[in-house]
Amino acid sequence: MSVSSDNPLEKSLCYEQQIPLQVTAVGELTPDQQLANDASNEGLLLRLESMETAHAEADESNEMLHEIRRLENKVDLALDLIMDLVSKSSPQPPSTHVRFNEYGLEWQGVSGLAAGSKVLISLYLNPRFPRPLFITGTLLQRDPNIVEFDELPETINDYLTRFIFRQHRRQIARQRT
């Protein structure tokens, strides 16, 4: 089966990586379920952004900057230990090679779902923060499996777009070295 011209992965920049992925068939989510997923997704993407970006102020003295970095390192260590405990108590699904953007997701592998199925995608974007991003969508095709995401709220779309751009930029930097 060939990829149709309305492939959601052709609409913008994609992030490609081996990450834990779970895809399950779902019916329509209730407004409360969707609201809970949206709040969780927004919090996750915001936390990932804050973990990945440097917070250096040009006006700070070297001593103050050193103290802030020391405190950040302590908080990072505490977060790492907590996340280790969390990941041991609730194991993640197996890692799968995925390619995705803010419009859709593609992965290879066996899927018991039929094209046209409504699905819930759980993507674990960062091994240091074992909380999934939950996105609903429709399975457009199999082999490769392609899901078109349901419309995301604007804030989540923006955070996800920035996450994908940062990861893409890092991949390019690694390729150049």
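The following paragraphs examine the structure supplied in this document. Just so it is clear, the model here is predicted, and its values are computed rather than measured.

Concerning the nonpolar core
Part 1 of the reasoning: In terms of nonpolar packing, the biggest core is built from 28 residues, with F100, L105, L123 and L125 touching the most fellow members.
Part 2 of the reasoning: Every element with two or more residues in this core is listed here: β1 (15-25), α1 (31-52), β2 (95-100), β3 (104-107), β4 (118-123), β5 (133-141), β6 (145-149) and α3 (154-176).
Part 3 of the reasoning: Counting residues per element, this core draws most heavily on α3, at five residues.
Part 4 of the reasoning: Setting aside residues up to four positions removed in sequence, L123 forms contacts with I19, P20, L21, F100, L105, R131, P132 and L133.

A look at the packing of aromatic side chains
Part 1 of the reasoning: What the rule picks out here adds up to two aromatic pairs.
Part 2 of the reasoning: Centroid distance Y15 to F100: 5.5 Å. Interplanar angle 80°. Geometry classified as edge-to-face. Of this pair, Y15 sits in strand β1 while F100 sits in strand β2, and the two are 85 residues apart along the sequence.
Part 3 of the reasoning: On the basis of relative accessible area, F100 is assigned to the buried category, the value being 0%.
Part 4 of the reasoning: The exposure class of Y15 is buried, given its relative accessible area of 5%.
Part 5 of the reasoning: In textbook terms, an aromatic cluster arises when at least three aromatic residues are bridged by ring pairs, as seen for Y15, F100 and F163.

Points about empty space enclosed by the protein
Part 1 of the reasoning: Throughout the structure, instances matching the rule amount to one cavity of 30 Å³ or more.
Part 2 of the reasoning: By volume, the largest cavity amounts to about 30 Å³.
Part 3 of the reasoning: Along its surface, the largest cavity is lined by M51, L79, D80, M83, R128 and F129.
Part 4 of the reasoning: Partitioned by chemical class, the residues of the lining of the largest cavity number four nonpolar, no polar and two charged.

Description of the pairing of β2
Part 1 of the reasoning: Burial of the side chains of β2 is restricted to one face: T96, V98 and F100 are buried, whereas none of S95, H97 and R99 on the reverse face is.
Part 2 of the reasoning: With six bridges connecting them, β1 and β2 associate as antiparallel partners. Each residue of the ladder has a partner; that of Q18, found in β2, is H97.
Part 3 of the reasoning: The turn linking β2 back onto β3 is made up of three residues.

How each quantity is defined
- Residues numbered from 1 in each chain as written.
- Predicted model: local features only at pLDDT ≥ 70, side-chain atom pairs only at ≥ 80, totals over all residues.
- Heavy atoms only, no water.
- Core = buried A, V, L, I, M, F, W, Y, C linked by side-chain atoms within 4.5 Å.
- Buried < 20%, exposed > 50% of the residue type's maximum accessible area, 1.4 Å probe, protein only.
- Helix = DSSP H or I, 4+ residues; strand = E, 2+ residues; numbered from the N terminus.
- Contact = heavy atoms within 4.5 Å.
- Phe/Tyr/Trp six-rings, centres within 6.5 Å; stacked < 30°, edge-to-face > 60°.
- 1 Å grid on protein atoms, 1.4 Å probe; cavity = no way out; pocket = protein on both sides within 12 Å on 5 of 7 lines; lining within 4 Å.
- Points joined across faces, edges and corners; volume = space filled by probe spheres on them.
- Nonpolar A, V, L, I, M, F, W, Y, C, P; charged D, E, K, R; others polar.
- Pairing = 2+ DSSP bridges.

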